[in-house]
Amino acid sequence: MGSLCLVVHDAFMFSIPQVLSLLLGFMRDEDAPLWKGYFYASLMFLLSCLQSLFNHQYMYMCFTVGMRVKTAVMGLVYRKTLVINSAARRTCTVGEIVNLVSADTQKLMDFVVYFNAVWMAPIEIALCLFFLWQHLGPSALAGIATVILIFPLNGFIAKKRSKLQEIQMKYMDGRIKLMNEILNGIKFLKFYAWEKAFQNQVLDYREKDSSSFLPEAICILFIAFAMFGVYILMDHKNVLDAQKVFVSMALINILKTPLSQLPFAMSTTMQAAVSLKRLGKFLCQDELKASNVDKGSFLLCRKIMFISPQYGYERIILAPSMCRIGVRVPSGSLVAVVGHVGSGKSSLLSAMLGEMEKRSGQISVKGSVAYVPQQAWIQNASLRDNIMFGQDRKESWYKQVVEACALTPDLKILPAGDETEIGEKGLNLSGGQKQRVSLARAVYRKADVYLLDDPLSAVDTHVGQHIFDKVVGPKGVLKDKTRILVTHGLSFLPQADLILVMVDGEITEIGSYMDLLGQQGAFADLMHAYTSTQFQIALFLISLHVAGPKKSSSRLSVTDFMLVPRELSKEQLIRKKLDSLILQIPSSTVTMSFCPYCIFLGLSQVKLEMYVEYFQTIGLRFILPIIFLYVFQQAASLSYNYWLSLWADDPVVNGTQIDADLKLGVFGALGVAQGVAVFGTTVAISLGGIIASRHLHLDLLNNVLHSPMSFFECTPSGNLLNRFSKEIDAIDCMIPDGLKMMLSYLFKLLEVCIIVLMATPFAMVVILPLTILYAFIQSFYVATSCQLRRLESVSRSPIYTHFNETVQGASVIRAFGEQPRFILEANSRVDHNQTSYFPRFVATRWLAVNLEFLGNILVLAASVLSVMGKDTLSPGIVGLAVSHSLQVTGILSWIVRSWTDVENNIVSVERVKEYADTPKEAPWAMEDVSLPASWPHTGAIELQEYGLQYRKGLEWAVKDISLCIQEREKVGIVGRTGAGKSSLALGIFRILEAAKGDIFIDGVNIAEIGLHDLRSRITIIPQDPVLFSGTLRMNLDPFNSYSDDDVWSALEFAHLKDFVSGLPEKLNYECSEGGENLSLGQRQLLCLARALLRKTKVLVLDEATAAVDLEMDNLIQTTIRSQFEGCTVLTIAHRLNTIMDYTRVIVMDKGHIVEIDSPSGLIAQRGQFYSMCREAGLV
């Protein structure tokens, strides 16, 4: 149907020059009656209106189909992300997937819209040349020859553009992937002062990420010159009269459209082919096989062999990561899986979920499965929705689950209870809260089989005991369910029905607790390492004469899978209604209304400041030449066309015209001058656009990296990724192209108005009201279109956020069988986005029809006024005026369309510049402050009446702390959740600035030095082991400040030398995004290696060993004690046995220091520390 509309449009389009020929014939015929002239003028007006209507009906249909294709492909990509296996997931980063659904789907839509031009443009060109042959005879062959020469040039340009686009998309993928990692690990980058290193990496990608293209507009000049020149030179009797010249020029103007559309359509087709190839590569990635797990009558693993994409390093790709696994688990039993770091415990659970590639054997699982991953995955939704996870609300069961998972106290803290909106990745929850919510989600499911990957590691000791007793243990709510528990907490093992001991991917021992102890194998070695640690603590306590009766020790290790947990005082922010919105509602689905850092939906057009900002970044050195070149180009064009009209009016003497060769030479020279000006304007605008986009990208990157952590906690990463992908892409390409087009058509309109007024000055009476009407339509449309563009941009960000969230939680979604619900949610978000996109292109069609109608009125006015002035006007000037007025319909439409494109896309400048006004952290370096190279040389820390608030007006996170920590002192910091432990660490690194008081390190007030000067001279080993895609060496030393020998030495002390030595590339081994091809324990050891490499005088440990087994924990603690012996060490501890030999222990509660003394002194006081030790089974 759309193609039929296009054919009818073309029929009307080619009829118009024929009617123009009749009109000019009428002007030459002195005896012709006036009614004929009025009839031809009216017929031209009618044909122009019908041409417009059919053209825009065709465009509407194409856009509708293109939008549906785009939506369908986005859904296809999303569904694929839920089924690709882990090996494929490593090759398809979040950044690449975001590019697929943003850039590549748009390329497919453009292809659908413009594809018909690929076959229609050659037909239109052929028809133009046929009609030119009728008017100019064989001379038209010169035009054909020119077109034939132009086609290979267009093909070559299209091919080059395709290659450049493929390279550009590759670099853009890399840039977006890196930005995604930076945003995910921003707190870690700030702790280590690594922002500059990663900023340079982004800018390296950016340098390779821009290209510009030159137009093919000059071709038209060559065609006209070639045909008229050959026509004159072939025979001196050939005469260029008005009818021949201006009908030919009208046909040549028609020729402009297919000649400009064809390379664009070819380029669009090439780009769509590249995008299809990329999409095809992604959609053909290996998927998880349903046959990996059979739904059998019991949980069975029989002689299975797996390759683990998650932990399958290159050196063992050919060898199975798990082999000779054989076990049968009776229904309703509790099975514990133990082993050293990297032994395959998590891989075993992945195998049971069908997440790994099965080489041989069989796995059967009876009934439904619930899964608790090692790193809690939390949705950007309410706490209740996270727990219920798509299930119906059952009040009594819900309350029982919340109580069993120790979440009741947390619900009292949160602002809206379980209706509180949780930020991306659980930003406003502590690590322990996230893990308990993750566990509650599984328990609420009432599944048959529970796979629990060390869920007790992120909670305090007494909470862990509570959860084991109430949930996992023999008397818990899951007592009748089959539970597979991976754990490093050996104290729970006596209550397990069956214990699996894993070593190097094999189950080496199976049996009950007592049976395995008697076998004196790997399990006995583990227990020996564990009990020896407890024995050393007991000896220590006995030596202090305070040792009490020993209890069965609970699981002592906890980790918080965030860099620094948010303390209770932070959660109390939400009690302040006005200030709570950021934490309470960071959901991307409501950012339009509530998030202060999200886009502001203004009610007017784009502010003039945005244009000023954009042109200032280009600079006067480009703007002035651009304006001069455009004036020169249009002056040459006006002279070129006026010269042609004078030539057409020249009298014929003896069958020929005088000085035809001279006229042809001048005509050609004016054409060349116009062509040079077109080329110059294109180059100047392209260069100016590249300069502006690079400046704006650099400003955006600087603004984001200089933003404080509070900014990232309340700004969804999807919003930021959208800025760095779609908005920067618009600034790169759309704004320069729109400006180029708008300026070209504005100057062309000025030329047409001058020509029409030269011919018929009375036309001013028509032009003035048309200008007023045009201005009204334009202002109405642009304001509407900009608002629709803003709405579309805002509704696009939640799509990327949801994609990001889904990719990270795909294993959990699959384990719970929630794929259909997430697909529906993704479809809903895409549909919501399209409800803003659809009115945009419908409004564009409305605009085009109205404006072309105004242009057609101008054609009618020029024609009628020419007929009325038949006696005084020459055919040449009439032909010039009417043929140019025929172009006004297209010119008006393109001016507003390009103006709107610029307005729509200048919104991208507005959105990018938004972050210039957000709060920024202190400068990275102070020029007027010079620190000694060895600072801090002793590591003495002093706090003077130090106080910390997360924001003004809120309760104090840390209150009036005065404290002196001597050099080389080892200080433990303990306290219940919300006591202010991690807030103190945040204050030392100035992640949060002091609200009152000061901190001095070696006598230097840290508030008076640059952030990088501070953060690069002290070190933290955080709870969350963050790795970035790149080499191991880059992850350890991004600035290349240390020698290879130093790096190997650090790896040796971190107990990773043997592992790294065994890798094929050794230090150049490529870590995948987030370090997913390393186990959690190995990632934590790499964080230790970073600290060993820096070896600063102040070290902060934020429970850095919870992800490793006890034997490895002992090795790490020994390393810390020996290698950091000359350093001041502050340890935020949940595992109390790690700080029992420290110089002092600080006990915090509600932001205050309530106890401070040596461990023995505090135990003797029988205060809070004594209570915590007793709960941990240490006294």
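These numbers were taken from a predicted model, which means no experiment stands behind them. (Residues numbered from 1 in each chain as written. Predicted model: local features only at pLDDT ≥ 70, side-chain atom pairs only at ≥ 80, totals over all residues. Heavy atoms only, no water.)

## Re a nonpolar patch on the surface
Right, so step 1: On the surface, Val7, Phe115, Trp119, Ile123 and Leu127 cluster together to form a nonpolar patch covering roughly 400 Å² of accessible area.
Right, so step 2: It is helix H5 (residues 116–136) that contributes the most residues to the nonpolar patch, 3 residues altogether.
Right, so step 3: Topologically, Val7 is positioned in helix H1 (residues 2–28).
Right, so step 4: Taking the relative accessible area as the measure of exposure, Val7 reaches 42% and is therefore partly exposed. (Patch = residues over 30% accessible without salt bridge, like charges linked within 9 Å, V, L, I, M, F, W, Y side chains within 5 Å. Areas by Shrake-Rupley, 256 points an atom, 1.4 Å probe, with all protein chains shown as cover. Salt bridge = Lys/Arg side-chain N within 4 Å of Asp/Glu carboxyl O. Helix = DSSP H or I, 4+ residues; strand = E, 2+ residues; numbered from the N terminus. Buried < 20%, exposed > 50% of the residue type's maximum accessible area, 1.4 Å probe, protein only.)

## What about the sheet that holds strand E7 (residues 482–486)?
Right, so step 1: Strand order across the open sheet formed by 6 strands is E5-E6-E7-E3-E8-E9, with mixed pairing between neighbours. The sheet is open, and its two borders are formed by strand E5 (369–372) and strand E9 (506–511), each paired with just one other strand. For this sheet, the mean inter-axis angle between neighbouring strands, taken without regard to orientation, is 15 degrees.
Right, so step 2: Summarising the sheet, E5 and strand E6 (residues 449–453) pair through 4 bridges and their orientation is parallel. Each residue of the ladder has a partner; that of Ala370, found in E6, is Tyr450. (Pairing = 2+ DSSP bridges. Axes fitted to C-alpha atoms, helices over the stretch in contact; angles between N-to-C directions.)

## Topic: the environment of Thr715
Right, so step 1: By the element assignment, Thr715 lies in the loop between helix H25 (709–714) and helix H26 (717–759).
Right, so step 2: A relative accessible area of 4% places Thr715 in the buried class.
Right, so step 3: Spatially, the C-alpha atoms of Thr715 and Gly423 are 9.0 Å apart, while their sequence positions differ by 292 residues.

## Comments concerning the UniProt feature "transmembrane region" (unreviewed entry) in the protein
Right, so step 1: The sites that UniProt annotates as "transmembrane region" (unreviewed entry) are residues 37–54, 111–133, 139–157, 214–234, 581–602, 614–632 and 749–777.
Right, so step 2: Between the C-alpha atoms that bound residues 111–133 there is a distance of 33 Å. The span itself is 96% helix and 0% strand. (UniProt positions renumbered as here; feature names shortened; annotations may be inferred.)

## Observations regarding the packing of aromatic side chains
Right, so step 1: Per the counting criterion, the structure on display carries 26 aromatic pairs.
Right, so step 2: Where Phe389 meets Phe816, the ring centres are 5.4 Å apart and the plane angle is 75 degrees; that geometry is what we call edge-to-face. Of this pair, Phe389 sits in the loop between helix H12 (383–388) and helix H13 (395–404) while Phe816 sits in the loop between helix H28 (810–815) and helix H29 (819–868), and the two are 427 residues apart along the sequence.
Right, so step 3: Feature note: the residues Tyr60, Phe63, Tyr837, Phe838 and Phe841 constitute an aromatic cluster, connected by ring pairs. (Phe/Tyr/Trp six-rings, centres within 6.5 Å; stacked < 30°, edge-to-face > 60°.)

## Digging into the sheet that holds strand E20 (residues 1144–1149)
Right, so step 1: Ordered by their spatial adjacency, 6 strands build an open sheet running E15-E18-E19-E12-E20-E21, and the pairing between neighbours is mixed. Of all the strands in the sheet, just strand E15 (1019–1021) and strand E21 (1152–1157) have a single pairing partner and so form its edges. Taken over all neighbouring pairs, the strand axes of this sheet differ in orientation by 20 degrees on average, direction set aside.
Right, so step 2: Relative to E21, E20 runs antiparallel, the two sharing 5 bridges. Residue pairing across strands places Met1148 opposite Ile1153, the latter belonging to E21.
Right, so step 3: Packing against the sheet, helix H36 (residues 1080–1094) makes contact with E15 and strand E18 (1098–1102), and its axis sits at approximately 165 degrees to E15. (Contact = heavy atoms within 4.5 Å.)

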